[in-house]
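What follows is the residue order along each chain.
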Amino acid sequence: MRSIRLVPSRHLAAVLVAAMLASACATVDLGPRYDPPPVRAPQPLPPATAPLPSVAQPQPVSPSQPVPQPLPPIGQSVPPIVGTPVTPPAPMDPSAHLVALTTRLDGASVIPSTRSGGTAQLDAVYDSNTYTLRWKTSWSGLGGPITSVQFHGPADPGQNAPGVMVWPGPFGPTYEGRATLTPNQAVDLLDGRWYVSVYTTVYPAGEIRGQLRVVR
């Protein structure tokens, strides 16, 4: 007598369901109008954030080259360059036309020299606008009364020259004078080629002398 092997009910149920599904799929007619939608492949998801633009790298900047400017016609002023500081012109010196001169007179400067112990000091101002020469003089220790005072030139120190201007008297312990020079006289004066001589009763050829020079 054969023994009967029982199949577990849970396995039997699974086998029956699979058989039913297979038989159902084999007999179902979907019909001619069935048009299933196309199956789309999955698309990659967009990035969470847009990529950052590339960072610009610094580049060395060459210094700007000067651009030559055309020269203006003669008589026209040059316009200032934009952005360039303009230096104002220096104010004009109101006393630029005045020239100071001075000299000290003594016996050793006379040619030939004298033994006089007298001295004198002369200070002058020349105005180049009007050709006017003004001067002040004081003297002391002379051997006798003054008989004449004269400007001489043109001559360098150590040379004699004729008188070019006689000072009008009288003569006290000080003296102030004024004279208008010619253009040639002004040139000799400013070149240091004028001198002044004081004549006295003791030294009629000249007791003291001094070469005028421009004060720098």
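Residues numbered from 1 in each chain as written. Predicted model: local features only at pLDDT ≥ 70, side-chain atom pairs only at ≥ 80, totals over all residues. Heavy atoms only, no water.

Attention now goes to the sheet that holds strand β1 (residues 98-105). Across the sheet, which stays open at both edges, the five strands sit in the order β6-β3-β2-β1-β9 with antiparallel pairing between neighbours. A single partner strand is all that each edge strand has here, and the edge strands are β6 (174-180) and β9 (213-214). Packed onto the sheet, helix α2 (residues 183-190) meets β1, β2 (119-127), β3 (132-140), β6 and β9 and runs at close to 125 degrees relative to β2. (Pairing = 2+ DSSP bridges. Helix = DSSP H or I, 4+ residues; strand = E, 2+ residues; numbered from the N terminus. Contact = heavy atoms within 4.5 Å. Axes fitted to C-alpha atoms, helices over the stretch in contact; angles between N-to-C directions.)

What follows is about the sheet that holds strand β4 (residues 146-152). Spatial strand order, β5-β4-β7-β8: four strands in an open sheet with antiparallel pairing. For this open sheet the edge positions go to β5 (163-166) and β8 (208-211), each flanked by a neighbour on one side alone. Averaged over neighbouring strand pairs, the angle between their axes works out to 25 degrees when direction is ignored. Both strand β7 (residues 195-200) and β8 contribute to a ladder of four bridges, which runs antiparallel.

Moving on to α2. Restricting attention to buried positions, one finds in α2 the residues Gln185, Ala186, Asp188 and Leu189. On an axial view of α2, the arc spanned by its buried residues comes to 165 degrees, and they lie on one face. Packing partners of the buried residues in α2 comprise β1, β2, β3, β5 and β6. Among the residues trailing α2, Gly192 stands out with phi positive, at a value near 75 degrees. (Buried < 20%, exposed > 50% of the residue type's maximum accessible area, 1.4 Å probe, protein only. Arc of directions from axis to C-beta.)

A word on the packing of aromatic side chains. Counted under the stated rule, the structure contains eight aromatic pairs. Ring centres of Trp135 and Phe151 lie 5.0 Å apart, and the angle between their planes is 80 degrees; this geometry places the pair in the edge-to-face category. Here Trp135 is found in strand β3, whereas its partner Phe151 is found in strand β4, with 16 residues between them in sequence. Overall, the relative accessible area of 5% leaves Trp135 in the buried class. By relative accessible area, which is 0% here, Phe151 ends up buried. (Phe/Tyr/Trp six-rings, centres within 6.5 Å; stacked < 30°, edge-to-face > 60°.)

With that settled, the discussion passes to the pairing of β6. Burial of β6 is one-sided: the residues Tyr175, Gly177 and Ala179 facing one way are buried, the residues Thr174, Glu176, Arg178 and Thr180 facing the other way are not. With seven bridges connecting them, β3 and β6 associate as antiparallel partners. Note that in β6 the partner of Lys136 across the bridge is Glu176.

Residues with a pLDDT of 70 or more make up 57% of the protein chain, whose mean pLDDT is 77. Segment residues 24-28 is flagged for pLDDT under 50; beyond a separation of four residues in sequence, or across chains, it makes zero contacts in the model. Segment residues 63-67 is flagged for pLDDT under 50; beyond a separation of four residues in sequence, or across chains, it makes zero contacts in the model. (pLDDT = per-residue confidence, 0-100.)

What follows is about the pattern of salt bridges. Per the stated rule, a full pass over the model turns up two salt bridges. The shortest N-O distance in the salt bridge between Glu176 and Lys136 comes to 4.0 Å. Of this pair, Glu176 sits in strand β6 while Lys136 sits in strand β3; the two residues are 40 residues apart in sequence, bridging distant segments of the chain. Judged by relative accessible area, Glu176 falls into the exposed class, the value being 59%. Residue class for Lys136 comes out exposed when judged on its relative accessible area of 51%. Asp156 is the partner of Arg193 in a salt bridge, and the nearest nitrogen-oxygen pair spans 3.5 Å. Placement of the pair is Arg193 in the loop between α2 and β7 and Asp156 in the loop between β4 and β5, with a sequence separation of 37 residues. Given a relative accessible area of 34%, Asp156 falls into the partly exposed group. (Salt bridge = Lys/Arg side-chain N within 4 Å of Asp/Glu carboxyl O.)

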